[in-house]
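Listed below are the residues making up each chain.
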Amino acid sequence: MPDTSAPPVRPVPPTPPVPLSALLAREDLGLRRIAGPSDPDTVIHWAHTSEMADPYPYLLGGELLLTAGVHIPEAAGSGTYFDDYVSRIVAAGGAALGFGLAPVHDTVPRALAEACDTYGLPLLEVPPQTTFSGVARAVWQLMAQARLAELRRVTEAQQSLAAAAARPDPVPAVLRQLAQRVGGRAVLYGPDGAELAEAGRMPWPNGTGTPTPTGQPPTEQHPAAPSATGQRPAARLPTGQTPAEPSATGQHPIGQHPAGQRPAAPSPAAPSPTGQSPTGQRPAGQAPVATAPAGQTPATQHPVAQPPVMQALAELARVVRPGDAQGPTPSSATDSVGGTHLAAYALGSGQGFVLGVAAPRRDPGDHTIASVAAVLLSLLTGEQQSGSGAARSAALVRLLLGAAPEDVAPLLGGERWIVVHARPAGDGPAPDAVSASALGAALGSVLVDAGGDVVRVLVSGEREPTAQPGWTCGVSAAVGPHEWAAADTQAARALARARATRAALVRHGERPALADLVPPADAEAHARALLAPIAATPTLTETLRTWLSLHGSWDRTAVALSVHRNTVRQRIARCATLLGADLDDADVRMELWFALREG
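Keep in mind the model is a prediction, meaning the values are calculated, not measured. (Residues numbered from 1 in each chain as written. Predicted model: local features only at pLDDT ≥ 70, side-chain atom pairs only at ≥ 80, totals over all residues. Heavy atoms only, no water.)

1. Focus on the overall build of the protein chain
Looking only at helices and strands, one finds 16 helices and 20 strands in the protein chain. Considering the protein chain as a whole, with its 599 residues, one finds that 44% of them fall into the buried category. By sequence separation, contacts in the protein chain at least 24 residues apart represent 66% of the contacts at least 6 residues apart. Of the roughly 29000 Å² of accessible surface on the protein chain, a fraction of 55% belongs to carbon and sulfur atoms. (Helix = DSSP H or I, 4+ residues; strand = E, 2+ residues; numbered from the N terminus. Buried < 20%, exposed > 50% of the residue type's maximum accessible area, 1.4 Å probe, protein only. Contact = heavy atoms within 4.5 Å. Areas by Shrake-Rupley, 256 points an atom, 1.4 Å probe, with all protein chains shown as cover.)

This is how it looks when you write it as structure tokens:
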């Protein structure tokens, strides 16, 4: 028997798998399963005809091997011929065996059927009127249909993900759409490993973190060619590649076989040296094997309350996070825990964000769909470079060391600037770092401050901020760097008016007013004298300003200031008393408004 310790590695075409049950359902072929398991998840990747006594060196794995039995010796039934023959097919990763009747054999040898039962290889009887080329053509027809369905599914997923990225809440929307498309759960991890957002259902039936037993453990799968459930039979890696190295596609080949080795023939009594089950899959809750970068200790265990599968997904995310590794890291990694398929994708922003996906199965096209989601999330979480990071750092240092704003503004990319204040529309939650970054990207700026309930964005004056879905915005006038503080105040007042009037965006007025007819020094002096009684109480001044700007509306003023309407009434009454003015008089209101604008 030839030496097969290091068989040559051949590329596997990216063909979609075909369920064996679909081939058996073809009435024109008349195929009949007569031995071996009847697993509905059995798939084939192509049909191959061979009359070799040992087809092992010529198989890639996943084949429906067709034979007429020409190679079978006359005394085969009394020896170990059929056991050796079937075991070699199984060791090579063959998916099924088709035996053609006539002209050599009128019936399928009983010893061959017994061997297929022993080694778990489906055996099909091919009737005399069915040619092997007809079987091969049927396989390729089913593959073409599967490819078309896969392309349609991927295209629809891309469109829905792109639409989700344009929603007011783009990050949660993309995660929800991804989870729906893969039938599992999608999680966005931050640079520190914390879950920033998640969507979808638990990818196991009982929701406890452990998949419901099905009575038979899933078999270990091949990472290069998905089956009907999304995985493929175990096979070999490219020559010279070890399991710890990223593959050519950037994936971390967790749990794959060493280069040049094939899985041995099934042996129920043979335990795995890594603690895995004989099928090659870990029980739910067991930590991933050899997923941590070299020289790094395994990830700290998550709280017991966290489902084991999601804990394993968090640990897998560490594999692709740049900050957690010494040296290059793969762009993606995959693993399986208790029948649940896990995948992690490093987002291209380079900031340490990671997309994690857990699904009960891995269908063709899932990797492409998840990759599209990762690209969209990279755009939503990453910095949109309007200037180099070094220039922005230099500008910050110079400001801290006493440089004038107008001196550092060119480093930030402009001479005139607009300040935008924004809050989530309605009664939405306080903005987080991810949504604030997405807002900044939509406005074309990376200069974002997400502190408190308001997001502040400094935008180049060359841009014209527009209303953003899901946000209420206040926009200042375009000013020079020395007026940044005044523009910040303008944006805050514009945001208050926008919230009070329920407008998506309000801009600070730039239209010339009557105040322009009065010399600025005289106008300021008059304003100081008129407002002196309340000038020492900024709360009264701002309440009066807001109340006048909203035409004396108690409710709108209360909304704009985030206080109760009775509080507004009390403050306005206090202003009237201190100013000694009748605030119901239109002339008085106009004069006070003039003073407040100039003050």
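2. Details of a nonpolar patch on the surface
On the surface, L396, V397, L400 and L401 cluster together to form a nonpolar patch covering roughly 450 Å² of accessible area. Positionally, L400 belongs in helix 8 (residues 389-400). (Patch = residues over 30% accessible without salt bridge, like charges linked within 9 Å, V, L, I, M, F, W, Y side chains within 5 Å. Salt bridge = Lys/Arg side-chain N within 4 Å of Asp/Glu carboxyl O.)

3. Topic: the packing of helix 13 (residues 538-549) against helix 15 (residues 565-579)
Helix 15 packs onto helix 13 with a crossing angle of 105° between their chain directions and a minimal axis gap of 9 Å. The orientation of helix 13 with respect to helix 15, classified from their angle, is roughly perpendicular. On helix 15, the residues touching T539, L540, T543, L544 and W547 of helix 13 are V568, R571, I572, R574, C575, L578 and L579. Its residues assigned to classes, the contact of helix 13 with helix 15 shows 8 nonpolar, 2 polar and 2 charged. (Axes fitted to C-alpha atoms, helices over the stretch in contact; angles between N-to-C directions. Parallel < 35°, antiparallel > 145°, perpendicular 65-115°, else oblique. Nonpolar A, V, L, I, M, F, W, Y, C, P; charged D, E, K, R; others polar.)

4. Details of unusual backbone geometry
Between A102 and the following residue, P103, the backbone shows a cis peptide bond with an omega angle of 5°. Positive phi, normally seen in glycine, also occurs at A102, with a value near 65°. One can find A102 in the loop between strand 6 (96-100) and helix 3 (110-119). Since its relative accessible area comes to 38%, A102 is described here as partly exposed. Its identity as a non-glycine residue notwithstanding, R502 has a phi of 55°, on the positive side. Relative to the helices and strands, R502 resides in the loop between helix 11 (484-501) and strand 20 (505-507). Judged by relative accessible area, R502 falls into the exposed class, the value being 71%.

5. Comments concerning the nonpolar core
Counting 32 residues, the largest nonpolar core has V171, V174, L175, L178, L355 and L377 as its most contacted members. Going through the elements one at a time, helix 4 (132-165), helix 5 (170-182), strand 8 (185-189), strand 9 (195-200), strand 14 (340-346), strand 15 (354-359), helix 7 (366-381) and helix 10 (433-443) are the ones with two or more residues in this core. Residues Y81, L97, F99 and C116 belong to the second largest nonpolar core, which totals 24 residues. (Core = buried A, V, L, I, M, F, W, Y, C linked by side-chain atoms within 4.5 Å.)

6. Observations regarding the packing of aromatic side chains
Inspection of the entire model under this criterion finds 4 aromatic pairs. For the ring pair Y81 and F82, a centre distance of 5.7 Å and an interplane angle of 80° mean the geometry is edge-to-face. When sorted by exposure, Y81 lands in the same class as F82, which is buried. Judged by centre distance (6.3 Å) and plane angle (5°), the rings of Y81 and Y85 are stacked. Of this pair, Y81 and Y85 both sit in helix 2 (residues 81-91), separated by 4 residues, roughly a single helical turn. For the pair shown, Y81 and Y85 are each scored as buried. A network of ring pairs unites the aromatic residues Y81, F82 and Y85 as a single cluster. Over the ring of Y56 we find R88; its NZ or CZ atom is 4.1 Å from the centre of that ring. (Phe/Tyr/Trp six-rings, centres within 6.5 Å; stacked < 30°, edge-to-face > 60°. Lys NZ or Arg CZ within 6 Å of the ring centre and 35° of its normal.)

7. Re the sheet that holds strand 19 (residues 471-475)
Strands sit in the order 17-18-16-19-20 across an open sheet of 5 strands; the sheet is mixed. The open sheet has two free edges, formed respectively by strand 17 (448-449) and strand 20, since each of these has just one partner strand. In this sheet, strand 20 lies alongside strand 19 in parallel orientation, the contact comprising 3 bridges. Across the sheet, the residue bridging to V475 is R507, located in strand 20. (Pairing = 2+ DSSP bridges.)

8. Quick look at the sheet that holds strand 6
The strand order 2-7-6-5-4 describes an open sheet built from 5 strands, whose pairing is mixed. In the strand order of this sheet, the two ends are held by strand 2 (32-35) and strand 4 (46-49), each with one partner. Neighbouring strand axes in the sheet, compared pairwise and without regard to direction, differ in orientation by 30° on average. When strand 4 meets strand 5 (residues 63-67), the two strands line up parallel, connected through 4 bridges. Along strand 5, the bridge assignment pairs T49 with L66. The strands touched by helix 4 are strand 4, strand 5, strand 6 and strand 7 (123-126); relative to strand 4, the strand with the most contacts, the crossing angle is about 165°.

9. Digging into the pattern of salt bridges
One pass over the structure, following the stated rule, counts 12 salt bridges. Between E150 and R147 there is a salt bridge whose closest N-O contact spans 3.3 Å. Here R147 and E150 lie together in helix 4, a separation of 3 residues that amounts to about one turn. A relative accessible area of 16% places E150 in the buried class. With a relative accessible area of 28%, R147 lands in the partly exposed category.

10. Focus on the confidence of the model for the protein chain
Model confidence for the protein chain is summarised by a mean pLDDT of 77, while 75% of its residues fall at 70 or above. Counted against residues more than four places away or in other chains, residues 206-305, with its pLDDT under 50, gives 207 contacts. When the criterion is pLDDT under 50, residues 383-387 qualifies, and its contacts beyond four places in sequence or with other chains add up to 10 contacts. (pLDDT = per-residue confidence, 0-100.)

11. Concerning the environment of D169
Positionally, D169 belongs in the loop between helix 4 and helix 5. Note on D169: relative accessible area 28%, which makes it partly exposed. Separated by 300 residues in sequence, D169 and P469 have C-alpha atoms that sit 8.5 Å apart.

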